[in-house]
Amino acid sequence: MPTRPAALDEIDRQLIAALQINARESVAMLARQLGIARTTVTSRLARLENTHVISGYGVRLGQRVIDGGLQAYVGITVRPRAGKDVVRRLSAMGQVQQLCAVSGEYDYVAWLRSDSPEQLDQLLDQIGNVEGVEKTTTSIILSSKVDRGQPV
């Protein structure tokens, strides 16, 4: 059973930032970068993992691997009291990579991935036709300038 997360100090934050840049960095290199002992890095990593501050490590695919695929963010406005059903319906769509409840102009923002402009168009039509969806606004991702990883 994970223990309660402790407050993060500056070394923890620096360690997390270094891992977000390169999660495969060696403990020895992390220790050198942070100016601390390797055993300190190892024990801090273990604590951050055990308390689920770090919930996992993964692989990020490069944009070229997607081979002409498209990614887009879609702002979604829903009718009052329709949110649960809209979330359930969008969760069933495999091309919806992430769905977040947000504050501001939209109720939700979805991150979509499709193989072609035609497939994206069909997906946007499907989302727009979900019962309870009032409005969508789409922004196609042209390129990624900074990517520190996605939630696990």
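- As annotated in an unreviewed UniProt entry, the protein chain carries the name Lrp/AsnC family transcriptional regulator and comes from Pseudomonas brassicae.

A few points about the overall build of the protein chain
Then, number 1: Of the regular secondary structure elements, the protein chain holds five helices and four strands.
Then, number 2: The order of helices and strands in the protein chain, counted from the N terminus, is α-α-α-β-α-β-β-α-β.
Then, number 3: Taking all 152 residues of the protein chain together, the buried fraction comes to 30%.
Then, number 4: For the protein chain, long-range pairs separated by at least 24 residues make up 66% of all intrachain contacts whose partners lie at least 6 apart in sequence.

Quick look at the pairing of strand β3 (residues 108-114)
Residues in a regular strand point their side chains to alternate faces of the sheet.
Then, number 1: Across the seven residues of β3, five count as buried, placing the element largely inside the fold.
Then, number 2: Sheet analysis places strand β1 (residues 70-78) next to β3, joined by seven bridges and oriented antiparallel. Among the inter-strand pairings, Gly-75 is bridged to a residue of β3, identified as Val-109.
Then, number 3: With five bridges connecting them, strand β2 (residues 96-101) and β3 associate as antiparallel partners. Directly across from Gln-98, in β3, lies its bridge partner Trp-111.
Then, number 4: Where β2 folds back onto β3 in an antiparallel hairpin, the turn is made up of six residues, including Gly-104, whose phi is positive at roughly 110°.

Parameters and conventions
Residues numbered from 1 in each chain as written. Predicted model: local features only at pLDDT ≥ 70, side-chain atom pairs only at ≥ 80, totals over all residues. Heavy atoms only, no water. Helix = DSSP H or I, 4+ residues; strand = E, 2+ residues; numbered from the N terminus. Buried < 20%, exposed > 50% of the residue type's maximum accessible area, 1.4 Å probe, protein only. Contact = heavy atoms within 4.5 Å. Pairing = 2+ DSSP bridges.

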